[in-house]
Amino acid sequence: MTPAPAPAPDVVRSAYAQLVVTDLAKARWFWADMLGFHVQYEAPGIICLRGSDELTHHSVVLREGEAAALDHIAYRVRTPADLDRAERFFHRLDRPVRRVPRGEGTPGVGDAVRVVDPLGFPVEFFHDIDRAERLIQRYDLRRGAEVARLDHFNICTPDIPAAYAHYRSLGFGCSETIEGDEHELYAAWMYRKQTVHDVAFTGGAGPRLHHLGLATHESHHVLRCADLFGSLRKEHHIERGPGRHGVSNAFYLYLRDPDGHRVEIYTSDYYTGDPGHETYRWNVHDDRRRDFWGNAVIESWYREAAPVLDLDGEPQPVTDALLDESSVRVGADGLG
Ligand SMILES: O=S(=O)(O)c1ccc(O)c(O)c1
Ligand SMILES: [Ca+2]
Ligand SMILES: [Fe+2]
């Protein structure tokens, strides 16, 4: 008899990602000087970064290590009691679960629960995090792409329906999907905060981190970011875009950091907070789904992603994808 699922923790939003980078100084140039993150905390081997709108300690943590990887993604939960719910929820799923007391985990974060979720991802749930000085109207401190906040995680996973089911069991809504003619699920965008997504799934070998979505206030910040990299002869960091997404309607630019970590500069998606918000479904043969103007999605965007670590810092093995969107012949991006 399968035990009933335990009540899910009340997730507020995607809150931070901790990345392993191989050269902290080079990463600092990319993430702080070029993207415009504010350095909230810095110590040997670790930097905590936040965007101009963010009132908590950080949304991106870079720690120096041997090989580029995702250390963990983190969701903020509504109350301290939700930490116990997270612990029970994932114990019930027979997944690895670890309590991380304040001071033993990421700087600035209170007591936390770290798990390896059913998709193989290292995920932290936390409630307490140090407050930080309000920089929302410190225009004098803004620079580079002027990133405002972390918006979402995009993860590569071989079984999109399983990812959808897992995040539905955590109470996430689904704003948009990409589906085949028989409604087979190629990709999905899911949310707890009232925008298009906190997490999205890209079909592919996984568990791997596809990208971090970073919101700016205006599309001109996205364009300025591309111009800044061009001006410094660093245009090789630009991977895809600028362009307008079909899914989410956001204006976007994808970059790769010095270790190959992918980030998306992202602006102007839409509200999803009303009860009964309906999922918008794209057909995988619609070449406007990923770029509204029909521009091709380059091969590396589908193929490349970062490895993820387990709770002991060891790389997780990956499983190949069940479906391969890039092999579906569509108009502009008829890859494969
Ligand atoms: O390329 S897609 O339009 O599918 C897309 C939509 C929203 C995102 O955040 C993204 O990374 C990719
Ligand atoms: Ca605007
Ligand atoms: Fe994204």
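For the structure itself, consult the block above.
The following paragraphs examine the structure supplied in this document. (Residues numbered from 1 in each chain as written. Chains lettered and ligands numbered in written order. Predicted model: local features only at pLDDT ≥ 70, side-chain atom pairs only at ≥ 80, totals over all residues. Heavy atoms only, no water.)

1. Re the overall build of the protein chain
Argument step 1. A tally of helices and strands in the protein chain yields five helices and 18 strands.
Argument step 2. A compact globule built from 336 residues would reach a C-alpha radius of gyration of about 20 Å, and the protein chain, at 19 Å, matches this within 12%.
Argument step 3. The buried share of the protein chain, reckoned over its 336 residues, is 55%.
Argument step 4. Counting contacts in the protein chain only where the partners sit at least 6 residues apart, residues at least 24 apart contribute 69% of the total.
Argument step 5. When the accessible surface of the protein chain is totalled, it reaches about 13900 Å², and 49% of it is carbon and sulfur. (Helix = DSSP H or I, 4+ residues; strand = E, 2+ residues; numbered from the N terminus. Rg over C-alpha atoms; globule rule 2.2 N^0.38 Å. Buried < 20%, exposed > 50% of the residue type's maximum accessible area, 1.4 Å probe, protein only. Contact = heavy atoms within 4.5 Å. Areas by Shrake-Rupley, 256 points an atom, 1.4 Å probe, with all protein chains shown as cover.)

2. Here we look at empty space enclosed by the protein
Argument step 1. In the structure shown here, the tally under the stated rule is three cavities of 30 Å³ or more.
Argument step 2. Estimated volume of the largest cavity: approximately 130 Å³.
Argument step 3. Lining the largest cavity are 17 residues; nearest its centre among them are Trp189, His245, Val247, Tyr254 and Arg290.
Argument step 4. Residue assignment for the lining of the largest cavity shows that the elements contributing at least two residues are β9 (149–157) and β16 (262–267).
Argument step 5. Here the residues of the lining of the largest cavity sort into six nonpolar, seven polar and four charged. (1 Å grid on protein atoms, 1.4 Å probe; cavity = no way out; pocket = protein on both sides within 12 Å on 5 of 7 lines; lining within 4 Å. Points joined across faces, edges and corners; volume = space filled by probe spheres on them. Nonpolar A, V, L, I, M, F, W, Y, C, P; charged D, E, K, R; others polar.)

3. Focus: the sheet that holds strand β3 (residues 46–50)
As a general point, the strands of a sheet are linked pairwise by backbone hydrogen bonds and lie either parallel or antiparallel.
Argument step 1. Across the sheet, which stays open at both edges, the eight strands sit in the order β2-β3-β4-β1-β5-β8-β7-β6 with mixed pairing between neighbours. With partners counted over all chains shown, the strands left at the sheet margins are β2 (38–43) and β6 (97–100), one partner each. This sheet shows a mean twist of 20° between the axes of neighbouring strands, independent of strand direction.
Argument step 2. Bridge analysis of strand β1 (residues 11–21) against strand β4 (residues 60–64) gives five bridges, and the strand direction is parallel. The residue bridging Gln18 from the neighbouring strand is Val61, located in β4.
Argument step 3. Strands in contact with helix α1 (residues 24–34) are β1, β2, β3 and β4; relative to β4, the strand with the most contacts, it is inclined by about 160°. (Pairing = 2+ DSSP bridges. Axes fitted to C-alpha atoms, helices over the stretch in contact; angles between N-to-C directions.)

4. Some thoughts on the packing of aromatic side chains
Argument step 1. As enumerated under the stated definition, the model contains 19 aromatic pairs in all.
Argument step 2. Between Tyr16 and Phe126, the aromatic rings sit 5.7 Å apart at their centres with planes inclined by 50°, giving tilted as the arrangement. In this pair, Tyr16 sits in strand β1 while Phe126 sits in strand β8 (residues 122–126), placing the two residues 110 residues apart along the sequence. Comparing Tyr16 with Phe126 shows no difference in burial state: the two are buried.
Argument step 3. A centroid spacing of 5.5 Å and a plane angle of 40° characterise the contact between Tyr167 and Phe201, whose relative ring orientation is tilted. Note that Tyr167 is positioned in helix α3 (residues 160–169) and Phe201 in strand β12 (residues 199–203), a separation of 34 residues in sequence.
Argument step 4. For Phe201, a relative accessible area of 0% gives the class buried.
Argument step 5. The ring of Trp29 has Lys234 sitting right over it, with the charged end atom 5.6 Å from the ring centre. (Phe/Tyr/Trp six-rings, centres within 6.5 Å; stacked < 30°, edge-to-face > 60°. Lys NZ or Arg CZ within 6 Å of the ring centre and 35° of its normal.)

5. Side note on the pattern of salt bridges
Argument step 1. Counted under the stated rule, the structure contains 26 salt bridges.
Argument step 2. Note that Asp130 is salt-bridged to Arg102, the shortest N-O span being 3.2 Å. Linking Asp130 in the loop between β8 and β9 with Arg102 in the loop between β6 and β7 (112–116), this pair joins segments that are 28 residues apart in sequence.
Argument step 3. Residues Asp324 and Arg303 are paired through a salt bridge, measuring 3.4 Å at the closest nitrogen-oxygen approach. Taken as a pair, Asp324 in the segment after β18 (306–307) and Arg303 in helix α5 (residues 299–303) lie far apart in primary sequence, 21 residues in all. (Salt bridge = Lys/Arg side-chain N within 4 Å of Asp/Glu carboxyl O.)

6. Describing the coordination of the iron ion (ligand 3)
Argument step 1. Around the iron ion (ligand 3), the protein contributes the donor atoms His152 (NE2), His211 (NE2) and Glu264 (OE), at 1.9 to 2.1 Å from the metal centre.
Argument step 2. Ordering the donors of the iron ion (ligand 3) by residue number gives the pattern H-x58-H-x52-E. A residue pair is termed long-range when its members are at least 10 positions apart, and His152 in strand β9 and His211 in strand β13 (residues 208–215) qualify at 59 residues. In terms of burial, His152 and His211 fall into one category: buried. (Donors = N, O, S within 2.8 Å, 3.2 Å for Na, K, Ca; no water.)

7. A closer look at the site of ligand 1
Argument step 1. The local shell around ligand 1 holds 14 residues, among which His197, His211, Tyr254, Glu264 and Arg290 are the closest.
Argument step 2. Contacts to ligand 1 include Tyr254, whose side-chain N or O atom sits 2.5 Å from an oxygen atom.
Argument step 3. At 2.8 Å from an oxygen atom of ligand 1 is found a side-chain nitrogen or oxygen belonging to Arg290.
Argument step 4. Alone, ligand 1 offers 320 Å² of accessible surface; in the complex the protein occludes 100% of this.
Argument step 5. Comparing atom positions with the cavity grids shows ligand 1 to sit within the largest cavity.
Argument step 6. Its residues assigned to classes, the shell around ligand 1 comprises four nonpolar, six polar and four charged. (Near = heavy atom within 4 Å. Polar contact = N/O pair within 3.5 Å; in protein donor to acceptor, adjacent residues only side chain to side chain. Sits in = over half its atoms within 2 Å of the grid points.)

8. Comments concerning helix α2 (residues 81–92)
Argument step 1. Its twelve residues place the ends of α2 17 Å apart at the C-alpha level, agreeing with the 16 Å of an ideal helix rising 1.5 Å per residue.
Argument step 2. All of the buried residues in α2 are Asp82, Leu83, Ala86, Phe89 and Phe90. The buried side chains of α2 occupy one side of the element, clustering within an arc of 125° when seen end-on.
Argument step 3. Where α2 terminates, the next one or two residues include Asp94, which has phi positive at roughly 60°. (Expected span 1.5 Å × (residues − 1). Arc of directions from axis to C-beta.)

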